[in-house]
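Report on the structure
Here's the letter readout for the chains.
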Amino acid sequence: MTLQQGLGQQQNQIQKLAMTQRMQQSIRMLKFSSDELQNFLKQQELENPFMVINPRNSNASSNVVSVSKAANNETDWTEFATSKQSRSLFDYLLDQVHLTMRKTPLRGWVIFLIDHLDSNGYLDLDLETLVKSELIDKVMLIDALTLLQNLDPPGVGARNLQECLILQIRNDDLAPADAEKILQNDFTDFVDRRWEPLTQKYEISMSQIQAILDYVQTLSPAPGSEYSQDEIGYIQPDLVLKKNGNNELDVKTTKQTLPRVAFRDNYFDEMVNTDDPQVRKYAEDKKKEYAQIYRDIEQRGSTLLRVGREIIKRQKSFLVDPAQPLTPLLLRDLANSLQLHESTISRTVNGKYLQTDHGVYELKHFFTQAVNYSTEGAVLTANDVKARIKAEIMAEDKHKPLSDQKISQLLAQEGLKVSRRTVAKYREQLNIESSSKRKKY
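Please read these numbers as outputs of a predicted model, since none were measured by experiment.

**Thoughts on the overall build of the protein chain**
For the protein chain, the count of helices and strands is 21 helices and eleven strands. When the 441 residues of the protein chain are sorted by exposure, 41% land in the buried category. Within the protein chain, counting contacts between residues at least 6 apart in sequence, those at least 24 apart form 63% of the total.

Now the structure itself:
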């Protein structure tokens, strides 16, 4: 290898590394909530003497050049909002992946799965559909899922409550002896407290069953929640719904979405014209950092605005009249329309809020899957089915409450084909107890 070739390869590696770091920062900023973005920019302001974030008066100094396109008449929600930020689940898991896994395609798929976890740490992804897409073979997908489920916190990557609890039990050497077997094979009987058959099947006493119950109640049903939940005094909307003169809907960004960023040109000129080469390099590097942050802010705001406009176009009936149902909408629908990756849409809507005349909604609220068809052929969303399940339970005889199977049968009579397991899942999401616990004696 010649010296010239060696230098060329080294230069390519450095350029590739710089590109990767820029991409990572751009992705991270898109994922930031308003509070996280403000905190990030405040830190950058401390580290970059030429950068000014949200200057109080752009005319106060000739050294400050404003480069923001944000409207000056927007409400500055940071004056009224208080929050305590916690480390995100995504970042915490990503750190573990980088520290424990070599850079291989398998590691890439683990990160892909991490990107599809919900705020509670559950995997929100149809693995069967993913395998059928032939993007990944089943063996590699299982390996990636196993690696994900071995990360901390225990229970992360589960696809339902049962799996979440079992993963935590497997991770605990002090777990009761039969706890995993019972939850694996007789979960429904256990949670419905049908314990007599369990004592006979596993040849254990009622006191041992009680000890297992006491232990299970110490486990977390939402292992990711402590990492992804913020203590928020006031929600800071990223987008505001507006009506134009023709009564058409549109959205505008707030200062939190597109904060004002300024650069101290005069101060930079003083330092870059010095005779000290190290000072000049420092000033030039800081200007490049500023320029990259500015581009990332603009790209973040542009992407959020595009996604917001596509959402209001598809959910116009609900936004005009909240009594109207949401239109079934998936992340991939917007990804296809906007020619963006689904993960980009996911990062854009997670933790971002839209202010309307009827209230403030997280952008994730507008995504709901069409799960079934009624006898008339009308498309129903998961929320529609949950509403029907809740209505059946509210109308039941409290002395003879409806089982999940019975609710499934009643819905089938109305033309809704919903399995017992789906009824149970939606009932749990509605925080409604099982029939045995609802029974009035």
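**Digging into the packing of helix 16 (residues 331-338) against helix 17 (residues 342-349)**
Between two packed helices, what matters for the description is the angle formed by their axes and the separation of those axes. In the contact formed by helix 16 and helix 17, the axes pass within 8 Å of each other and the chain directions differ by 110 degrees. Classed by the angle they form, the pair helix 16 and helix 17 counts as roughly perpendicular. Crossing angle aside, the handedness with which helix 16 passes helix 17 is right-handed. For the pair formed by helix 16 and helix 17, the contact residues are Leu331, Arg332, Leu334, Ala335 and Leu338 on the first element and Glu342, Ile345, Ser346 and Val349 on the second.

**Remarks on the packing of aromatic side chains**
A complete count under the given rule lists ten aromatic pairs for this structure. With centroids separated by 5.7 Å and ring planes inclined at 85 degrees, the aromatic side chains of Phe50 and Phe268 adopt a geometry described as edge-to-face. On the criterion of sequence distance, the pair formed by Phe50 in the loop between helix 2 (34-47) and strand 1 (51-53) and Phe268 in helix 13 (residues 265-272) is long-range, its members being 218 residues apart. In this structure, Phe50 and Phe268 share a single accessibility class: buried. On the numbers, 5.1 Å between centres and 75 degrees between planes, the contact of Trp109 with Phe112 is edge-to-face. You can see Trp109 and its partner Phe112 sitting in helix 4 (residues 105-114), three residues apart, about one turn around the helix. Through a chain of ring-to-ring contacts, three or more aromatic side chains come together here, namely Phe50, Phe263, Tyr267, Phe268 and Tyr290. It is Lys31 that lies over the ring of Phe90; its NZ or CZ is 4.5 Å from the centre.

**Here we look at the environment of Leu239**
Along the polypeptide, Leu239 turns up in strand 5 (residues 239-243). When the C-alpha atoms of Leu239 and Leu363 are compared, they prove to be 9.5 Å apart, with 124 residues separating the residues in sequence. Look past the residues within four positions of Leu239 in its chain and what remains in contact with it is Val251, Lys252, Thr253, Thr254, Thr257, Leu304, Leu305, Gly308, Tyr353, Leu354, Gln355 and Leu363.

**A look at the packing of helix 18 (residues 382-394) against helix 20 (residues 420-429)**
Contact geometry of helix 18 with helix 20 gives a least axis separation of 10 Å together with a crossing angle of 85 degrees. What the angle tells us is that helix 18 and helix 20 run roughly perpendicular. Across from Ala382, Val385, Lys386, Ile389 and Ile393 in helix 18, the residues of helix 20 making contact are Val423, Tyr426, Arg427 and Gln429. Per-class residue counts for the contact of helix 18 with helix 20 are six nonpolar, one polar and two charged.

**Remarks on unusual backbone geometry**
At the junction of Asp152 and Pro153, the peptide bond is cis and its omega measures out at 5 degrees in the coordinates. In this structure, Glu203 takes a positive phi of about 55 degrees despite not being glycine. With respect to the secondary-structure elements, Glu203 resides in the loop between helix 10 (196-202) and helix 11 (206-216). Non-glycine residue Asn431 carries a positive phi angle of around 60 degrees. Within the fold, Asn431 resides in the loop between helix 20 and helix 21 (435-438). Residue Asn431 is classed as exposed on the basis of its relative accessible area, which comes to 71%.

**Brief notes about the pairing of strand 5**
For strand 5 and strand 6 (residues 249-253), the ladder comprises five bridges, and the chain directions are antiparallel. Bridge pairing in strand 6 places Val240 opposite Lys252.

**Re the sheet that holds strand 5**
Across the sheet, four strands lie side by side as 6-5-8-9; this open sheet has mixed pairing. Both outer strands of the open sheet, strand 6 and strand 9 (359-362), are each paired with one neighbouring strand and no more. With direction set aside, neighbouring strand axes in the sheet form an average angle of 30 degrees. Along the sheet, helix 14 (residues 277-314) makes contact with strand 5, strand 6 and strand 8 (353-356), crossing strand 6 at roughly 160 degrees.

**Quick look at the pattern of salt bridges**
The tally for this structure, following the rule as stated, stands at 13 salt bridges. Glu362 is the partner of Lys364 in a salt bridge, and the nearest nitrogen-oxygen pair spans 4.0 Å. Classification of Lys364 by relative accessible area gives partly exposed; the value is 33%. Residue class for Glu362 comes out partly exposed when judged on its relative accessible area of 21%.

**A word on helix 20**
Those residues of helix 20 not exposed but buried are Val423, Ala424, Tyr426 and Arg427. Positioned one or two residues after helix 20, Asn431 has a phi angle of 60 degrees, which is positive.

**As for the confidence of the model for the protein chain**
For the protein chain, per-residue confidence averages 77 on the pLDDT scale, and residues scoring 70 or more make up 80% of the total. Taken together, the stretch residues 2-19 has pLDDT below 50 and engages in two contacts with residues farther than four places along the chain or on a different chain. Confidence over residues 228-233 falls short of pLDDT 50; this stretch has 14 contacts with residues more than four positions distant or in other chains.

**Some details on helix 7 (residues 161-170)**
Counting buried positions along helix 7 yields seven of ten residues, so the element is predominantly enclosed. When helix 7 is considered as a whole, its buried residues turn out to be Glu163, Cys164, Leu165, Ile166, Leu167, Gln168 and Ile169. Looking at the buried side of helix 7, the elements it contacts are helix 6 (138-149), helix 8 (179-185), helix 9 (187-191) and helix 11. The backbone nitrogen of Gln162 has a side-chain oxygen 3.2 Å away, supplied by the residue at the start of helix 7, namely Asn160.

**Some thoughts on the environment of Leu331**
Tracing the backbone through its elements, the reader meets Leu331 in helix 16. With a relative accessible area of 25%, Leu331 lands in the partly exposed category. For the pair Leu331 and Ser343, spaced twelve residues apart in the sequence, the C-alpha separation amounts to 8.5 Å. Every residue in contact with Leu331, bar those within four places of it in the chain, is listed here: Glu342, Ile345, Ser346, Val349 and Phe367.

Cut-offs used in this document
- Residues numbered from 1 in each chain as written.
- Predicted model: local features only at pLDDT ≥ 70, side-chain atom pairs only at ≥ 80, totals over all residues.
- Heavy atoms only, no water.
- Helix = DSSP H or I, 4+ residues; strand = E, 2+ residues; numbered from the N terminus.
- Buried < 20%, exposed > 50% of the residue type's maximum accessible area, 1.4 Å probe, protein only.
- Contact = heavy atoms within 4.5 Å.
- Axes fitted to C-alpha atoms, helices over the stretch in contact; angles between N-to-C directions.
- Parallel < 35°, antiparallel > 145°, perpendicular 65-115°, else oblique.
- Left-handed = near helix turned anticlockwise from the far one by under 90°.
- Phe/Tyr/Trp six-rings, centres within 6.5 Å; stacked < 30°, edge-to-face > 60°.
- Lys NZ or Arg CZ within 6 Å of the ring centre and 35° of its normal.
- Nonpolar A, V, L, I, M, F, W, Y, C, P; charged D, E, K, R; others polar.
- Pairing = 2+ DSSP bridges.
- Salt bridge = Lys/Arg side-chain N within 4 Å of Asp/Glu carboxyl O.
- pLDDT = per-residue confidence, 0-100.
- Polar contact = N/O pair within 3.5 Å; in protein donor to acceptor, adjacent residues only side chain to side chain.

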